[in-house]
Amino acid sequence: MTVEAFDDCPEPMNSAKRAYQASLKLGTTKGADRSRAVLAMAEALNNSLDDILEANTLDLEASREMAVPELILDWLKLTPSRLENTVEILQRLGELSDPLRKVRIADYQQEDSQSYLQLMPLGVIGFIYEAFPELGAIAAGFCLKTGNSVILKGSAEASHSNAIIAEVLQTAINEVGLPTGCIELVTTEHGTSLRDLVTQDQYLSLVIPYGRSSLIQQVVRQATCPVLKSAMGNCYLYWSLNGSLEMVRWMILDSHESEPDPVNAIEKVLIHRQALPSSLSVLWNSLTEKGFELKGDAELVEAFPQLQLAKEGEWETPYLNKTIAFKLVDSLDNAIAWINQYSSGHADSIVTDSYQESRQFALGVNSASTYINASPRFARNSSRGDAVFLGMSNQKGHRRGFISLETLTTVKHIIQGNGRF
């Protein structure tokens, strides 16, 4: 790729250049300085809540006039609670130990030398997000904590919110002495298309898209640098004959509790064909009372008229709302095969009292995370240990599952000689 190719739209390239130069300095910055920057970002956000909420109101009003879907409006809406949660996440990140400089022994050792692996920053990370203004701040915190620069590109619906948040964060890191280009924001006002950003592979080390599957696939098709595919929705649950009704009910309800983005919400349920009709009726009634819309395959709809018929294409498509589709299967093998074909591949679960079934499911389902008699509910800021997450990934191969601090690092192979030659 050459510079001339972007002369008609230089802003993405200029942002990428600034971020790249900043990343070279940031990668050698002390962990204490990076932590101080993240804590400064948290404090700055906390001091700017009113300004951010005012900007968000402008985005919401404009989006309603443009008839933006309710789902996106919910993702776009900032509340004091959501912003306070963002501040808490940044504070938590700032207080964690430095994820860099950790040394691991290398398997391969050369003669008269010692080899080791050291965790290092990736460099420049592009974060492309649909609505969710607060996610830009959280992603920036993850990146700075791991010594990476970040280029933020939010959706046009959140333009005012994204701009004020980026301005607050940039001011905070400048005041603590970090390079200016550590946090860059590119917008549609700059004439920037998605392709303009994701083709800056000479500067970007990784792109992380966050939003609906249509956005993810667009980034994957256009990017010329590695993409970490985040995932949202279309998670499956298999209800074994050995599993309890109450466990199924609790897992479904709890998985939908995360807001504003219940990425691991159970949207499809596979039921063993020999399940008791009375148990199914109890489940239908319970979920309906909680405001869920229920669908089923043709066989279930015939037996239970209160269910709507799930169309063929729905089994591989996330609903991203309180809709659940149910399907009968003959066995655990059939359930695993169906999940591997139609699930989004990031978080699928089973309810069973059989250890053998749980092991077969955990090993057979080709998903990044499997849950056995446990709610797949996603939480960014876990109450336990160092567990803070940006999102979930269903990427095949490297770095599947939770997107953590270590996900945004790589290793450098260092060989230390003893002076002999």
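In this convention, every chain numbers its residues from 1, walking through the sequence in written order. Only residues with pLDDT of at least 70 get local features here, since the model is predicted, and only at 80 or more are side-chain atom pairs given and counted; chain-wide, interface and lining totals rely on the full set of residues. Note that water and hydrogens are dropped before the side-chain values are worked out from all heavy atoms of the structure.

Colleague: Requested: an account of the side chain of Ser 161, with residues and values cited.
Modeller: The numbering of helices and of strands both runs from the N terminus, where a helix is a DSSP run of H or I of at least 4 residues and a strand a run of E of at least 2. With respect to the helices and strands, the residue Ser 161 is situated in helix H7 (residues 159-175). Assessed through its relative accessible area of 0%, Ser 161 is described here as buried. Side chain to side chain, Ser 161 and Asn 56 meet in a polar contact 3.1 Å long. Contact between two residues is taken to exist if any of their heavy atoms lie within 4.5 Å; hydrogens are not considered. Beyond its immediate sequence surroundings of up to four residues, Ser 161 is in contact with Ala 55, Asn 56, Asp 59, Leu 78 and Pro 133. Only protein chains enter the area calculation, which uses a 1.4 Å probe; residues under 20% of their type maximum are buried, those over 50% are exposed, and those in between are partly exposed. Each polar contact in these results corresponds to two N or O atoms within 3.5 Å; when the atoms are within protein, one needs to be able to donate a hydrogen and the other to accept it, and residues that are neighboring in sequence are counted only if both atoms are side-chain atoms.

Colleague: Before we move on, can you summarise the sheet that holds strand E5 (residues 183-185) with the specific residues and values?
Modeller: In space, the four strands of this open sheet follow the order E5-E4-E3-E6, with parallel pairing throughout. In this open sheet, the two edge strands, each paired with only one partner strand, are E5 and strand E6 (206-210). Neighbour-to-neighbour, the strand axes of this sheet turn through a mean angle of 20 degrees, independent of strand direction. Note on pairing: two strands pair once DSSP finds at least 2 bridges between them. Pairing of strand E3 (residues 124-129) with strand E4 (residues 149-154), which is carried by six bridges, proceeds in the parallel orientation. Residue Phe 127 lies in a different strand from E4, and its bridge partner there is Leu 152. Here the axes come from fitting lines to C-alpha atoms, over the contacting stretch only for helices, and the angles between their N-to-C directions go from 0 to 180 degrees. Seen against the sheet, helix H1 (residues 11-26) touches E3, E4 and E5 and runs at an angle of roughly 150 degrees to E4.

Colleague: Before we move on, can you summarise a negative patch on the surface with the specific residues and values?
Modeller: A cluster of acidic residues, Asp 50, Asp 51, Glu 54 and Glu 167, forms a negative patch at the surface. Here Glu 167 is to be found in helix H7. Two distance rules govern patches: like charges are joined within 9 Å, and nonpolar side chains (Val, Leu, Ile, Met, Phe, Trp, Tyr) within 5 Å, applied only to residues with over 30% relative accessible area and no salt bridge. Accessibility throughout is a Shrake-Rupley quantity obtained with a 1.4 Å probe, and a residue counts as covered only by protein chains that appear here. Each reported salt bridge corresponds to a side-chain nitrogen of Lys or Arg within 4 Å of a carboxyl oxygen of Asp or Glu. We score Asp and Glu as negative and Lys and Arg as positive, and we do not count His or the chain ends. Here the site of a charge means NZ on Lys, CZ on Arg, CG on Asp, or CD on Glu.

Colleague: Can you break down helix H3 (residues 49-65) residue by residue, with the values?
Modeller: What a helix is expected to span follows from its residue count: subtract one and scale by 1.5 Å. Taking 1.5 Å of rise per residue, the 17 residues of H3 would be expected to cover 24 Å, and the 25 Å separating its terminal C-alpha atoms lies within 8% of that figure. Elements in contact with the buried residues of H3: helix H2 (31-47), helix H4 (70-76), helix H5 (80-95), helix H6 (133-145) and H7. In the stretch just after H3, Ala 67 is the one whose phi turns positive, near 55 degrees.

Colleague: Just give me the short version of the nonpolar core, but keep the residues and values in it.
Modeller: Core analysis: the largest hydrophobic core is formed by 71 residues, its most contacted members being Met 41, Leu 45, Leu 93, Phe 127, Leu 144, Ile 183 and Leu 390. By residue number, the principal contributor to this core is H6, which donates eight residues. Those residues within four positions of Ile 183 in sequence are excluded, and the remaining contacts are Met 41, Ala 140, Leu 144, Val 150, Leu 152, Leu 169, Gln 170 and Ile 173. Note on terminology: a nonpolar core comprises buried Ala, Val, Leu, Ile, Met, Phe, Trp, Tyr and Cys residues joined through side-chain atoms within 4.5 Å.

Colleague: Mind laying out the pattern of salt bridges, listing which residues take part and the relevant values?
Modeller: With the rule as written, the count across this model stands at 11 salt bridges. Between Arg 34 and Asp 98 there is a salt bridge, and its shortest N-O distance comes to 3.0 Å. With Arg 34 in helix H2 and Asp 98 in the loop between H5 and strand E1 (103-105), this pair connects stretches of sequence that are 64 residues apart. Between Arg 380 and Asp 261 there is a salt bridge, and its shortest N-O distance comes to 2.7 Å. Taken together, the residues span a long stretch of sequence, with Arg 380 in the loop between strand E13 (370-372) and strand E14 (391-393) and Asp 261 in the loop between helix H10 (245-255) and strand E8 (266-272) at a distance of 119 residues. Classification of Asp 261 by relative accessible area gives buried; the value is 3%. Through salt bridges that share partners, Asp 74, Arg 82 and Glu 259 make up one connected network.

Colleague: With reference to specific residues and values, describe the pairing of E6.
Modeller: Regular strands place their side chains on alternate faces of the sheet. Within E6, five of the five residues are buried, which leaves it mostly tucked inside the rest of the structure. Burial along E6 is two-sided: Leu 206, Ile 208 and Tyr 210 facing one way and Val 207 and Pro 209 facing the other are all buried. Bridging between E3 and E6 involves five bridges; their strand directions are parallel. Counterpart to Ile 128 in the pairing with E6 is Pro 209.

Colleague: Outline the confidence of the model for the protein, listing residues and values.
Modeller: Each residue carries a pLDDT score, the predictor's confidence in it, ranging from 0 to 100. Residues of the protein with pLDDT of at least 70 account for 95%, and the chain-wide mean is 91. The low-confidence segment residues 1-8, where pLDDT is below 50, has 10 contacts with residues more than four positions distant or belonging to other chains.

Colleague: Can you explain H2? Please cite residues and give values.
Modeller: Across its 17 residues, H2 extends 24 Å between first and last C-alpha, which sits within 8% of the 24 Å expected from 1.5 Å per residue. When H2 is considered as a whole, its buried residues turn out to be Gly 31, Arg 34, Ser 35, Ala 37, Val 38, Ala 40, Met 41, Ala 42, Ala 44 and Leu 45. Summarising the contacts, the buried residues of H2 are in contact with H1, H3, H5, H6, H7 and E5.

Colleague: Please give an account of the packing of H3 against H7 that cites residues and values.
Modeller: Any two packed helices are characterised by how steeply their axes cross, that is the angle between the axes, and by the distance between the axes. At their nearest, the axes of H3 and H7 sit 7 Å apart, and the two run at 160 degrees to each other. Judged by the angle between their axes, H3 and H7 are roughly antiparallel. Between H3 and H7, the residues in contact are Ile 52, Ala 55, Asn 56, Leu 58 and Asp 59 and Ser 159, His 160, Ser 161, Ile 164 and Ile 165, respectively. Counted by class, the contact of H3 with H7 contains five nonpolar, four polar and one charged residues. The cut-offs work like this: below 35 degrees is roughly parallel, past 145 is roughly antiparallel, 65 to 115 is roughly perpendicular, and the gaps in between are oblique. Each residue gets one of three labels, nonpolar for Ala, Val, Leu, Ile, Met, Phe, Trp, Tyr, Cys and Pro, charged for Asp, Glu, Lys and Arg, and polar for the others, Gly among them.

Colleague: Outline the packing of H2 against H6, listing residues and values.
Modeller: Two elements in contact, H2 and H6, have axes separated by 8 Å at closest approach and are oriented at 165 degrees. It follows from the interaxial angle that H2 and H6 lie roughly antiparallel. Along this stretch, H2 crosses H6, giving a crossing that reads as right-handed. Across the interface between the two elements, Arg 34, Ser 35, Ala 37, Val 38, Met 41 and Leu 45 of H2 pack against Ala 137, Ala 140, Gly 141, Leu 144 and Lys 145 of H6. If you view the pair so one helix is near and one far, a crossing is left-handed when the near helix is turned anticlockwise from the far one by less than a right angle, and right-handed when it is turned clockwise.

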